[in-house]
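# Report on the structure
The lines below spell out each chain.
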Amino acid sequence: MKTTTQRLVIAVGSLVSFACVAFVAKINDQGDFRRWHYDNPPPSVSDNVFNRETKAIRFSFAEEAFSESSRAQELNAIRSAFGQWEAVPHSIIDFEEGPLVPNAFDINPGDGTNIVKWVRNSTLVNGGKSDISGRLGSAFTLFFADGRMAAADIVLNGVEHDWFSDPATPKPEAHFIEGTVIHELGHVLGLDHTPLGAGTMFARDGSGVGFQSGLSSDEISFAQSVYGDENARRSLGSIEGTVQASGQGILGAGLFLETPSGHLVAGTVSIEATAGNSQGFYQFLGVPPGDYFIRAQPLDASSASRTLVKGRDVSFSRFNQAEVNFTATEPLPVSVIQGQQTRVDLTLNLTPPTFRIDRIRQFTDSPTGIRSGNAAITLTQGDQDKTIGVFGTTLPITDVELLITGDGLTLGPTEVTTQFFSNLPHLFRTVSVSSDATPGLRSFIVRRGADRAYASGFIEIRALEPDDNFDGLSDNFQRLHFAPFTSPEAAPTADPDEDGRTNAEEAQMGSSPIVPTESSIPNSELSIQQVSLNASGATISFESLAGISYQLFTRDHVTDSPWVPIGDPVTGNGSLQSITDASAEADIRFYELRASASR
């Protein structure tokens, strides 16, 4: 009889705090992705870890959370993080929640229960064998030698760090629960760290909401290629190739894919030799069809004291010896075709770069305050006259320009100073972001003549109305009314208050989706008394109640067009009132009057 054995391995992925479309996936020696096999989980994995009937990874949360006063909100923040990974379009990623467990549960991926918990008294976990000191959180995963995941735990550091759950009211110097859990779930699903500065899987994050709130295009590419459904595989393309110098494959070169307008789509790193692939191999998977540019740039030396991204930041075990002494390549055009793979090989010039960016100017509460750090910055659509910039020990201070990639930006002139941080060269300029600027990741570029230095993806443009759960409804509206905001009750087509209007319609009319509109108006019957049409438009008259808010809507067809609001809501005064639709003409038009009490 032939006997087969399977080897289990434990791994740890972490997120640390900073002081002052492709991706990097975990792989085995054969080049296989370390991932959950939703269609074929290992027989030894219990249903409490992976539910075979529902095809979902099962997690339990420690019941005490971080703080007794905000326990419910903190647990919902965790649920929101899970919900965002589940919501990636054309992905089979699915989680389910098991019963709450006592906080005494230790981190132990081999105990048959996946958990998320805080430690609040000691940073020693996993039976005292692991110390998470200095980290925001860690993911402990158990997997077989063939790459199939077997179990996972997530621990958050409540000993050294403070936490908050509401992005609308961040606590100073505290960390956003949702962002950290999203990051750690990336490790649970099989991701390593990314070289993209504002990617969700970047190795560092600061206090406040930060850039790790919401998945970047890099993580979406991972979800749709490694866990994608048939539609994803059909609709996307890929790029692969090698990075070489003098005929030898190069380990640890940073590879970046961006649109012609300078929006970062994905970032990865050339890998060590595996079965079937030579040293210097790279892949961009899950790329939407279209035209792009690809370029290679060096990461920072492991021995350097001031850096943005070292190889060890991406993966200590794999890229600590990354080749860093080469010149960034010129961007090469590449076209991605639906359902096809495109080959692009890059050749490097092993000449050390003339200069590097090693710090980013961080925002401060004081308009005159200057602070540098090695984490990305976030701008929001509509931001005006923000000063952003970079620092670098070797940066030039003459005949130099600081560029910021992407559309929708109005930039002031490049300014240079050496008056901060022991005469460290500092390049900066003001930026205003248009209200329709494309959300996503951008780069800093320092240019002098033919020389370039990049801080790739170290700027994130956030949407004024974000949609991190990909459902077409503003997260701001959903977060205001639902916890977690990713719950089924928060969906655009849901009607949780059963008043006949969906959440999307409630958002449009500015009413609450969890309080029935009609029931909040005592003893009232909405009725339009008269509609008259003249040269000024259509005037709709109705009996009003004092203090009640009335909004008139119109549409051109009985059922096949959306209700569009006319003007602003009108507050009733207890008498006959009128609203005029100045756009009305002699054709047929339908009206609806909606009322709601002040809340």
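The shown structure was predicted, so the numbers you read here are calculated from the model rather than taken from an experiment.

Cut-offs applied
Residues numbered from 1 in each chain as written. Predicted model: local features only at pLDDT ≥ 70, side-chain atom pairs only at ≥ 80, totals over all residues. Heavy atoms only, no water. Helix = DSSP H or I, 4+ residues; strand = E, 2+ residues; numbered from the N terminus. Expected span 1.5 Å × (residues − 1). Buried < 20%, exposed > 50% of the residue type's maximum accessible area, 1.4 Å probe, protein only. Pairing = 2+ DSSP bridges. Axes fitted to C-alpha atoms, helices over the stretch in contact; angles between N-to-C directions. Core = buried A, V, L, I, M, F, W, Y, C linked by side-chain atoms within 4.5 Å. Contact = heavy atoms within 4.5 Å. Salt bridge = Lys/Arg side-chain N within 4 Å of Asp/Glu carboxyl O. Phe/Tyr/Trp six-rings, centres within 6.5 Å; stacked < 30°, edge-to-face > 60°. Lys NZ or Arg CZ within 6 Å of the ring centre and 35° of its normal. Right-handed = clockwise from strand over helix to strand, strands pointing away. Polar contact = N/O pair within 3.5 Å; in protein donor to acceptor, adjacent residues only side chain to side chain. Parallel < 35°, antiparallel > 145°, perpendicular 65-115°, else oblique. Left-handed = near helix turned anticlockwise from the far one by under 90°. Nonpolar A, V, L, I, M, F, W, Y, C, P; charged D, E, K, R; others polar.

## Considerations on helix H1 (residues 71-86)
- In this model, H1 (16 residues) spans 23 Å end to end at C-alpha, consistent with the 22 Å of a helix rising 1.5 Å per residue.
- For H1, the set of buried residues is Glu74, Leu75, Asn76, Ala77, Ile78, Ser80, Ala81, Phe82, Gly83, Gln84 and Trp85.

## Remarks on the sheet that holds strand S33 (residues 537-543)
- Taken in spatial order, the three strands make up an open sheet running S32-S33-S36, and their pairing is antiparallel. The sheet is open, and its two edges are formed by strand S32 (528-534) and strand S36 (576-581), each paired on a single side. Averaged over all adjacent pairs, the angle separating strand axes in this sheet is 20°, with direction ignored.
- Both S33 and S36 contribute to a ladder of six bridges, which runs antiparallel. Bridging from a neighbouring strand, Ser541 pairs with Ser578 of S36.

## Some points on the nonpolar core
- Counting 47 residues, the largest nonpolar core has Trp36 and Trp85 as the members making the most contacts within it.
- Those elements that place two or more of their residues in this core are strand S3 (56-61), H1, strand S5 (114-119), strand S8 (135-144), strand S9 (149-157), helix H2 (177-189) and helix H3 (217-226).
- Not counting residues within four places of it along the chain, the set of residues in contact with Trp85 comprises Ile93, Phe95, Ile182, Leu185, Gly186, Leu189, Leu191, Leu215, Glu219, Phe222 and Ala223.
- Within the second largest apolar cluster, 42 residues are counted, among which are Ile388, Leu395, Phe444 and Ile461.

## Concerning the pattern of salt bridges
- Per the stated rule, a full pass over the model turns up 19 salt bridges.
- Measuring nitrogen to oxygen at the nearest pair gives 2.9 Å for the salt bridge that ties Asp47 to Arg52.
- Of the residues examined, Arg52 reaches a relative accessible area of 29% and is grouped as partly exposed.

## Quick word on the packing of aromatic side chains
- Evaluated as defined, the whole model comprises 16 aromatic pairs.
- Plain terms: the ring middles of Phe66 and Trp118 are 6.0 Å apart, the flat faces sit at 40° to each other, and that makes the pair tilted. Within this pair, whereas Phe66 is found in the loop between S3 and H1, its partner Trp118 is found in strand S5, the two being separated by 52 residues in sequence. Across this residue pair, the class does not change: Phe66 and Trp118 are buried.
- Every member of this aromatic cluster is reached through a ring pair, and the members are Tyr38, Phe50, Trp85, Phe222 and Tyr227.
- One Lys or Arg, Arg34, reaches over the ring of Phe143 and ends 3.7 Å from the middle of that ring.
- The ring of Phe428 carries the charged tip of Arg361 above its face, separated from the ring centre by 5.5 Å.

## Topic: the pairing of S3
- Taking burial as the measure, the six residues of S3 include five buried ones, the bulk of the element.
- Where strand S2 (residues 50-51) folds back onto S3 in an antiparallel hairpin, the turn is made up of four residues, including Lys55, whose phi is positive at roughly 55°.
- As paired strands, S3 and strand S4 (residues 95-97) are joined by three bridges and run parallel to one another. Across the sheet, Phe59 pairs through a bridge with Glu97, a residue of S4.
- Handedness of the S3-H1-S4 crossover: right-handed.
- When S3 meets S5, the two strands line up parallel, connected through three bridges. The residue of S5 that forms the bridge with Ser60 is Ile115.

## Side note on the side chain of Thr539
- On the secondary structure map, Thr539 appears in strand S33.
- Only 3.2 Å separates the side chain of Thr539 from the side chain of Thr580, close enough to count as a polar contact.
- Filtering out sequence-adjacent residues up to four positions away, Thr539 remains in contact with Gln530, Val531, Ser532, Ser578, Ile579 and Thr580.

## Some points on the packing of H1 against H2
- One can describe the packing of H1 onto H2 by two numbers: an axis separation of 8 Å at closest approach and a directional angle of 45°. Of the possible angle classes, the one that applies to H1 and H2 is oblique. Between H1 and H2 the crossing geometry is right-handed. Residues Glu74, Ala77, Ile78, Ser80, Ala81, Phe82, Gln84 and Trp85 of H1 form the contact with H2, whose participating residues are Ile177, Glu178, Val181, Ile182, Leu185, Gly186 and Leu189.
- Per-class residue counts for the contact of H1 with H2 are 10 nonpolar, three polar and two charged.

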